[in-house]
Amino acid sequence: MTWPEPVACHTACARLGVLRKIIKVTISSFAELGISEPLLRALEDADYKTPTPIQTRAIPLLLDGLDLLGIAQTGTGKTAAFTLPLLHNLEEDNERAGQRCARALILAPTRELVIQIADSIKTYGRHMRIRSAVVMGGVGQRPQVDALRRGVDILVATPGRLLDLIQQGHVDLGQTEYLILDEADRMLDMGFIRDVRRIIEKLPDERQTLLFSATMPSEVAKLSRDILYQPERVEIAAKSVAVESIDQRVHHLDAKAKRAALAELLAEPDFDRVMVFTRTKHGANKVVKHLERDGVSAEAIHSNKSQGARQRALDNFREGRTRVLVATDIASRGIDIDDVTHVINYELPNVPESYVHRIGRTARAGAAGIAISFCDASERSHLRSIERLIKRSLIVIGEGPSGPDQSSAETRNGAGRRSGAGRRRRRRSQRRAA
Ligand code: AMP
């Protein structure tokens, strides 16, 4: 299996990269990352031979006690990237092991993800004495409360049920030293961000915080600024298909002209199975309404639709009963439909990685694919970010003036690598005090 390479990584991580180039060393084993022997044994049991790119980048930073912003989706090995250093750090610093107050909290948006993470903790921690428990809705709370009473090191939870148990006095996060937020953009989409913020208020400021998200909508970016302290950023490219194999075009036009331009494209019989992307749910509904008025069969999928309605729309599209599927970014995640002939970005995403996710819906399984993006004046900066990310210019198929390029260089502070729980804690205090 080939793992996607990081597309950006700053400060200490970048310095490590430079260092590696100079001394021509590549990290090819987990042992080189500095994780403890019981974890190495567990990885051998699981037949993991080499760390994935996100693991290579993130594990040294996390062993060092730094906060991390991870832009990565499922499938990159991100669960092990945060679980391995967490287990290492907890085992190394085990004075408070198994107490009633969880030492680490992992928040995830869905029950499925909570169970998956808890399984990973069991797999990687099998030669350690770390206690973990899950807290999630949809099942009785009694066994969860009993587990908490017995004492846990790591609590893996969905936000809603956790907040319930906090309010009932069953959970104390007053001494929790590690916080990991997984799939933050899905939390946002599912309406959990307020609950997440309320939970985080219960944690001490002095902690290590990690936030993982596949995309960076502005609210998630704001949350990350609020809860992370001088984070390192590790970004892994979304690479479900070779972007190079997709014919990518852009049509510069007025926002008001988009409806007619879409109708014109869909008048072509080649546009057989088409996915249209909008930025908002409202936008998706509007496009469907217009298409239906123009006699084109279309359905929308977004998070305001019930699971059943989304599934029906997907089935209709897959079976060819609907010609056009209109989707928002998060709702389209993981959709695996062959033979999508065209992807049309009715609105460009403000998160460039979403563009790659979107166009990946076409050209699956080696088929040729075409992606056409509509770009109005307000979207030119999004286009520039996309072209920077994919390192190529889209072919212009419609006229329009283009503005100057604005690059968004980020500068960050970093620090050299140290190890040991005491030093980690001291480092965090110093950074916070600074
Ligand atoms: P994740 O992105 O965390 O959902 O992981 C995706 C899949 O990759 C999971 O099934 C993991 O068990 C597996 N995995 C993670 N890291 C490695 C690795 N270094 N070597 C082999 N498989 C891995």
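Each remark here, short or long, concerns the structure printed above.
These remarks concern the structure in this document. (Residues numbered from 1 in each chain as written. Predicted model: local features only at pLDDT ≥ 70, side-chain atom pairs only at ≥ 80, totals over all residues.)

Quick notes on the packing of helix α4 (residues 53–63) against helix α5 (residues 78–92)
1) Next: The N-to-C vectors of α4 and α5 enclose an angle of 25°; their axes lie 9 Å apart at closest approach. Of the possible angle classes, the one that applies to α4 and α5 is roughly parallel. Of the two elements, α4 crosses α5, and the hand of that crossing is right-handed. Mapping the contact onto sequence places I54, Q55, A58, I59, L62 and L63 in α4 and K78, A80, A81, F82, L84, P85, H88 and N89 in α5.
2) Next: Here the contact of α4 with α5 is composed, by residue class, of 10 nonpolar, 3 polar and 1 charged. (Axes fitted to C-alpha atoms, helices over the stretch in contact; angles between N-to-C directions. Helix = DSSP H or I, 4+ residues; strand = E, 2+ residues; numbered from the N terminus. Parallel < 35°, antiparallel > 145°, perpendicular 65-115°, else oblique. Left-handed = near helix turned anticlockwise from the far one by under 90°. Contact = placed C-beta atoms within 7 Å. Nonpolar A, V, L, I, M, F, W, Y, C, P; charged D, E, K, R; others polar.)

Thoughts on the site of the ligand
1) Next: In the vicinity of the ligand there are 11 residues, among which Y48, T74, G77, T79 and A80 approach most closely.
2) Next: Sorting elements by how many residues they give to the shell around the ligand places α5 first, with 3 residues.
3) Next: Here the residues of the shell around the ligand sort into 3 nonpolar, 7 polar and 1 charged. (Near = placed C-beta within 6 Å.)

What about the nonpolar core?
1) Next: Membership of the largest hydrophobic core comes to 74 residues, with the highest contact counts inside it found for I106, V114, I154, L155, V156, A157 and L181.
2) Next: Per element, the largest residue contribution to this core is 7 residues, and it comes from α5.
3) Next: Residue contacts for V156: discarding those within four places in its chain leaves I106, A108, V114, I117, A118, S132 and V134.
4) Next: Judged by nonpolar contacts, the second largest core, of 36 residues, contains M275, F317, I344 and I372. (Core = buried A, V, L, I, M, F, W, Y, C linked by C-beta atoms within 7 Å. Buried ≥ 20, exposed ≤ 12 C-beta atoms within 10 Å, placed from the backbone.)

Section: the packing of α5 against helix α6 (residues 111–124)
1) Next: Here α5 crosses α6 at 50°, and the two axes come no closer than 10 Å. Our classification of the angle between α5 and α6 gives oblique. As α5 runs across α6, the sense of the crossing is right-handed. Across from T79, A80, T83, L84 and L87 in α5, the residues of α6 making contact are Q116, I117, S120, I121 and Y124.
2) Next: The residue inventory of the contact of α5 with α6, partitioned by class, reads 6 nonpolar, 4 polar and no charged.

A few points about the pairing of strand β13 (residues 342–345)
1) Next: Burial of β13 is two-sided: the residues H342 and I344 facing one way and the residues V343 and N345 facing the other way are all buried.
2) Next: Here strand β10 (residues 274–277) pairs with β13 via 4 bridges, running parallel. Residue pairing in the sheet places V274 in a bridge with H342 of β13.
3) Next: In this structure, β13 lies alongside strand β14 (residues 369–375), joined through 4 bridges in parallel fashion. The residue of β14 that forms the bridge with H342 is I370. (Pairing = 2+ DSSP bridges.)

Here we look at the environment of S393
1) Next: Inspection of the secondary structure puts S393 in the loop between α16 (380–390) and β15 (395–398).
2) Next: On the basis of neighbour counts, which here come to 12 C-beta atoms within 10 Å, the residue S393 falls in the exposed class.
3) Next: Residues S393 and R249, 144 residues apart in the sequence, show an inter-C-alpha distance of 8.8 Å.

Comments concerning the sheet that holds β10
1) Next: With parallel pairing, 7 strands are arranged side by side in an open sheet as β11-β12-β10-β13-β14-β9-β15. Both outer strands of the open sheet, β11 (298–301) and β15, are each paired with one neighbouring strand and no more. With strand direction ignored, the average angle separating the axes of adjacent strands in the sheet is 25°.
2) Next: Sheet strands in contact with helix α15 (residues 352–359) are β9 (246–252), β10, β13 and β14, and its direction is about 155° off that of β13.

Quick notes on the environment of M128
1) Next: Among the secondary structure elements, M128 is positioned in the loop between α6 and β4 (132–135).
2) Next: Taking the C-alpha atoms as reference points, M128 and P38, separated by 90 residues in sequence, lie 6.6 Å from one another.
3) Next: If we ignore the near neighbours within four places in the chain, the residues touching M128 are P38, L87 and E91.

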